Amino acid sequence: MQLSESRRPVFRGEDAVYHIVSRVSCGKRIFGDETKEEFVAILRRQAVFSGVVILAYCFMSDHFHLLVRVSPHKWLSDGELIERNRALSSGGKCSSRGIDPGLLERILLDDQRDGTTDTRSSNNADRYDAREWREKLQSRMGDVSCFMRETKQRFGIWYNQQHGNSGTIWADRYRSLIVEPSREAMAMIAAYIDLNCVRAGLVSDPADYRFCSYGAAVNGSLLARDGYCSVYGVESWDVASSMHRDLLFGRHCGNPGKVRMGRTSPERLRRALDDDEMLTLQEALRCRVRYFTDGMALGSQPYLARLLAEHPKWFSEKRKPVFAKMKGADWGGLRVVRNLVIAPIL
């Protein structure tokens, strides 16, 4: 584990799940419908190239949330490398770090045919290019920091070209929370992400918001459905959907579009906090939960203890780690590394 460009701990060579948040500079509301659609397309292409699994997402007018799973990168065959590069390049021109799919295929196939050629042969330049491109492309895979940097750069270039702008559109790199790869932890964050549109007052059911992964899944996106099946560890979308709606609305909540439950009112939140009363899980998820955005890691106590044992440098030497229960609702067996004292739920 080491610090990423976002100054948050990330894993290297280990399976890991992250909740990622990134905002537009100056609070500008630049994401309209067309813009969100393009970002989803760029995100999907970059995920294929990077070997990142998109479990859940939500795009708002000035920020976005992702739940992603990153597995250790395994060296790819030339055929797999060509296919990933082709997927990344399907949206238009190659980036300055990329290579035209046809050119990459020619270089790699030529190198395969001439693999035993003496290094003094006339095609030595292509052989060097082949080795260089294999290493260069594969070094960008299985890395959440590289995935986020390239996704945001690609979108920023597209956006600036569309609007005649220049410079960065982002307020910062990104914030990330390490999430235990368990059903309880991943499902909780996926539900929180999906309910962004409800907290903003745009809809009362995320199934009605097509720029979150749940809305996309309900409307037939197979990739979005696969994400929820991965979260819940099931093969059937019907089973995953039923389990997710139970978390979003409570048990026996009915079909998408039939249940209306808006954001938790400030009065209800204040009354619960003043009286030391617990919110229902569904009410709490409709508030801003800083544990999910400002924390360091979320998971069971054994999982967090293992992080401390295996990666002690991640934890501050000045402050003893506290695997604290989250306040405001019954969050099950989930704990956080950073115990937020001031306004953990807003």
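Residues numbered from 1 in each chain as written. Predicted model: local features only at pLDDT ≥ 70, side-chain atom pairs only at ≥ 80, totals over all residues. Heavy atoms only, no water.

## Some thoughts on empty space enclosed by the protein
The tally for this structure, following the rule as stated, stands at two cavities of 30 Å³ or more. Computed from the structure, the largest cavity encloses a volume of approximately 50 Å³. Every residue lining the largest cavity is counted, twelve residues in all, and those nearest its centre are F11, E14, Y18, V70 and G142. Considering only residue class, the lining of the largest cavity consists of six nonpolar, three polar and three charged. (1 Å grid on protein atoms, 1.4 Å probe; cavity = no way out; pocket = protein on both sides within 12 Å on 5 of 7 lines; lining within 4 Å. Points joined across faces, edges and corners; volume = space filled by probe spheres on them. Nonpolar A, V, L, I, M, F, W, Y, C, P; charged D, E, K, R; others polar.)

## Thoughts on the sheet that holds strand β3 (residues 16–23)
One open sheet holds the seven strands; their spatial order is β4-β5-β3-β6-β7-β9-β8, and the pairing between them is mixed. Of all strands in the sheet, those with a lone pairing partner are β4 (52–59) and β8 (324–325), marking the two edges. Across two bridges, strand β7 (residues 297–299) lies against strand β9 (residues 335–336) in antiparallel orientation. Looking at the pairing, G299 lines up with R335 of β9. Sitting on the sheet, helix α9 (residues 222–232) touches β4 and β5 (63–70), and the angle it makes with β4 is about 110°. Against the sheet, helix α14 (residues 301–310) touches β6 (175–179), β7 and β9, its axis set at about 140° to β7. (Pairing = 2+ DSSP bridges. Helix = DSSP H or I, 4+ residues; strand = E, 2+ residues; numbered from the N terminus. Contact = heavy atoms within 4.5 Å. Axes fitted to C-alpha atoms, helices over the stretch in contact; angles between N-to-C directions.)

## Examining the packing of aromatic side chains
Inspection of the entire model under this criterion finds 19 aromatic pairs. Look at F39 and F59: their rings are 4.8 Å apart centre to centre, the planes differ by 45°, and that puts the pair in the tilted class. Taken together, the residues F39 in helix α1 (residues 33–50) and F59 in strand β4 connect sequence positions 20 residues apart. Both residues of the pair, F39 and F59, belong to the buried class. Look at F155 and W158: their rings are 5.8 Å apart centre to centre, the planes differ by 35°, and that puts the pair in the tilted class. On the criterion of helical spacing, the pair formed by F155 and W158 is a turn pair, its members being three residues apart in helix α5 (residues 144–163). Among the residues examined, W158 registers a relative accessible area of 16% and is labelled buried. An aromatic cluster is built from F31, F39, Y57, F59, F64, F155, W158, Y159 and W170, whose rings are joined through pairwise contacts. (Phe/Tyr/Trp six-rings, centres within 6.5 Å; stacked < 30°, edge-to-face > 60°. Buried < 20%, exposed > 50% of the residue type's maximum accessible area, 1.4 Å probe, protein only.)

## With respect to the environment of R12
Position of R12 relative to the elements: it lies in the loop between β2 (9–10) and β3. Sequence-wise, R12 and D143 are 131 residues apart; in three dimensions their C-alpha atoms are separated by 7.4 Å.

Shape is all these values report; function is a separate question.
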